[in-house]
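# Structural characterization, general
Each chain is listed here by its residues.
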Amino acid sequence: YTLDNDVLTTEQRQFYEDNGYLLIKKLVSDEDIERFRKEFVRICKREVNPPGAMIMKNESLRPQYGQSEKVVNKVQDFQEDKELFRYCTLPEVLRYVECFTGPNIMAMHTMLINKLPDSDTQTFLHPMHQDLHYFPFRPASRIVCSWTAMERADQDNGCLVVQPGTHKQPLKPHGYPEWEGKTNKLFHGLLDEDEKLPKVHLVMEKGDTVFFHPLLIHGSGINKTSGFRKSISCHFASSECYYIDVKNTSQEHLEKELVEMVRKKYNATSVELRDIWNFRARLVQGERINL
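Under the annotation held in an unreviewed UniProt entry, the protein chain carries the name Phytanoyl-CoA dioxygenase, peroxisomal and is attributed to Stercorarius parasiticus. The UniProt entry for the protein chain carries the following comment under Sequence similarities (unreviewed entry): "Belongs to the PhyH family." You can read under Pathway (unreviewed entry) in the UniProt record for the protein chain the words "Lipid metabolism; fatty acid metabolism."

Laid out in structure tokens, this is it:
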């Protein structure tokens, strides 16, 4: 799962091979995080409107808070926002990404998550899932997520929860969890979760960054505080990865849902999953080969 270079120590490589994730302390500077936070607030206030970005809101809070960060729980696909996309090009991040993808690196999927305080009517718990469920490209071992805490993340405010070693398992069927009226669009989870597998809560300080494999089973808990738990992330892939056809696989229903959303949003008649990913994908290092 890791490649030969002199960035990771033998212990770090072995840890990722065994567990499917690696936590690096204080990787992203406070200054950078503050810039990302300011840009996020500007997007929430509609002072900037990045093309193609999907801004996910809790509409029930709009009457109370209007256009503010207290309503937005996620900005997805920020690849056209110059300020936020800087995250995907930070040399300190790419230095580690290259250990998993090799030198030709594509930024494929970007998110700034603002985990809102949980309420009686809406939960921002993300069920246990594998990110590869969302991706129509392979091989999985040349894909990695970089996830940076923008403030302390712990069990109180819904930190990441991982099941170490599950990156060695195949992609499993996903769907919407059966929570009464509390599911979020595209927040799919494992249909058959093995409760016996040990879980690790990743307590992280501001700037700490975890790199993890797309088959690693993970999720996040509820935010029991009155604050907002922010993180910024990007899924990177080797540009040598290739697209696959997800028809007749466990990913087919996701393809339909995503294509339908994009058709509605852009009034487009014919959209294919590959088109959506081509629009999101950006080369950040080396040369573009397949993706």
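After presenting the structure, the write-up continues.
## Digging into the overall build of the protein chain
Counting secondary structure elements, the protein chain contains seven helices and 16 strands. Relative to the 2.2 N^0.38 estimate, which gives 19 Å for 291 residues, the radius of gyration of the protein chain is 18 Å and therefore close to what a compact globule would have. A sequence separation of at least 24 residues applies to 83% of the contacts in the protein chain between residues at least 6 apart. Summed over its atoms, the accessible surface of the protein chain is roughly 13,200 Å², and 50% of this surface lies on carbon and sulfur atoms.

## Some points on the packing of helix α2 (residues 30-44) against helix α4 (residues 82-89)
It is the contact of α2 with α4, at a shortest axis distance of 9 Å, that shows an interaxial angle of 145°. Where α2 crosses over α4, the handedness of that crossing is left-handed. Contacts from D32, R35, F36, E39 and I43 in α2 reach E83, L84, R86 and Y87 in α4.

## Some points on the pairing of strand β4 (residues 105-115)
Counted residue by residue, β4 has 11 buried out of 11 residues, so it is predominantly covered. Sheet topology places strand β3 (residues 72-76) next to β4; three bridges connect them, and they run antiparallel. Paired with K74 across the strands is I113, a residue of β4. As paired strands, β4 and strand β16 (residues 282-285) are joined by three bridges and run antiparallel to one another. Looking at β16, one finds that I105 is bridged to Q285.

## Quick notes on α4
Within the sequence span of α4, burial applies to E83, L84, F85, Y87 and C88. Between a side-chain oxygen at the N-terminus of α4 and the backbone nitrogen of E83 the separation is 3.2 Å; the capping residue is D81.

## Looking at the environment of E92
Examined against the element boundaries, E92 turns out to sit in helix α5 (residues 91-101). On the accessibility criterion, E92 (24% relative accessible area) is partly exposed. In the structure, E92 is positioned 65 residues away from L27 in sequence and 6.8 Å away in space, judged by C-alpha atoms. Dropping the residues within four chain positions of it, E92 is found in contact with L27 and D32.

## What to know about the state of the cysteines
Tallying each qualifying case throughout the model produces zero disulfides. This cysteine, C234, is not joined by any disulfide, and C88 carries the nearest cysteine sulfur, 3.6 Å off.

## Describing the packing of aromatic side chains
As enumerated under the stated definition, the model contains nine aromatic pairs in all. Ring plane angle 90° and centroid distance 5.2 Å describe the contact between F15 and Y21, whose orientation is recorded as edge-to-face. Centroid distance F137 to W277: 5.3 Å. Interplanar angle 75°. Geometry classified as edge-to-face. Residue F137 is found in strand β6 (residues 137-138), and its partner W277 is found in helix α7 (residues 273-280); the two are separated by 140 residues along the sequence. When its relative accessible area of 1% is taken as the criterion, F137 is described as buried. Of the residues examined, W277 reaches a relative accessible area of 1% and is grouped as buried. What links up through ring pairs into an aromatic cluster is the set Y16, Y96, F100 and F211. When the ring centre of W277 is taken as reference, the NZ or CZ atom of R280 above it lies at 4.4 Å.

## Description of the pattern of salt bridges
Side chains that differ in sign of charge can pair as their charged atoms come close. Per the counting criterion, the structure on display carries 16 salt bridges. In this structure, the salt-bridge partner of E34 is R37, at a minimum N-O distance of 2.8 Å. Here the residue E34 and the residue R37 both occupy positions in helix α2, the gap between them amounting to three residues, near one helical turn. Given the relative accessible area of 30%, R37 is considered partly exposed. Among the charged side chains, a network of salt bridges with common partners joins D32, R35, E83 and R86.

What counts, and where the lines are drawn
Note that residues are indexed from 1 along each chain, following the sequence as it is written. Given that the model is predicted, a residue must reach a pLDDT of at least 70 before its local features are reported, and side-chain atom pairs must reach 80 or more before they are shown or counted; all residues, however, enter totals for whole chains, interfaces and linings. The side-chain quantities take in all heavy atoms of the structure and omit both hydrogens and water. UniProt positions are given in the numbering used here, feature names are shortened, and annotations may be inferred rather than shown by experiment. A run of DSSP states H or I qualifies as a helix once it reaches four residues; a run of E qualifies as a strand once it reaches two. Both are numbered from the N-terminal end. Radius of gyration here uses only the C-alpha atoms, and the compact-globule reference equals 2.2 Å multiplied by the residue count raised to the power 0.38. Only heavy atoms enter the contact rule, under which two residues are in contact if any of them lie within 4.5 Å. Only the protein chains shown count as cover for residues, with accessible areas throughout obtained via the Shrake-Rupley method and a probe of 1.4 Å. Every angle, taken between N-to-C directions, lies between 0 and 180 degrees, and every axis is a line fitted to C-alpha atoms, over only the stretch in contact when it is a helix. Note: crossing handedness is left-handed where the near helix turns anticlockwise from the far helix by less than a right angle, and right-handed where it turns clockwise. Classification of residues uses two cut-offs on accessible area relative to the type maximum, computed with a 1.4 Å probe and protein chains only: under 20% is buried, over 50% is exposed, and between them is partly exposed. One bridge is not enough; two strands pair if DSSP finds at least two bridges between them. For this analysis, a polar contact is any N or O atom pair within 3.5 Å, provided that within protein one partner can donate a hydrogen and the other can accept it, and provided that sequence-adjacent residues contribute only side-chain to side-chain pairs. By definition, disulfides here are pairs of cysteine sulfur atoms that lie within 2.5 Å. The rule is short: rings of Phe, Tyr and Trp, with Trp giving its six-membered ring, pair when the centres are within 6.5 Å, and they are stacked under 30 degrees, edge-to-face over 60, tilted in between. Here, over-ring charges are defined by two tests on the NZ atom of lysine or the CZ atom of arginine: distance to the ring centre within 6 Å, and angle to the ring normal within 35 degrees. A pair is scored as a salt bridge if a Lys or Arg side-chain nitrogen falls within 4 Å of a carboxyl oxygen belonging to Asp or Glu.

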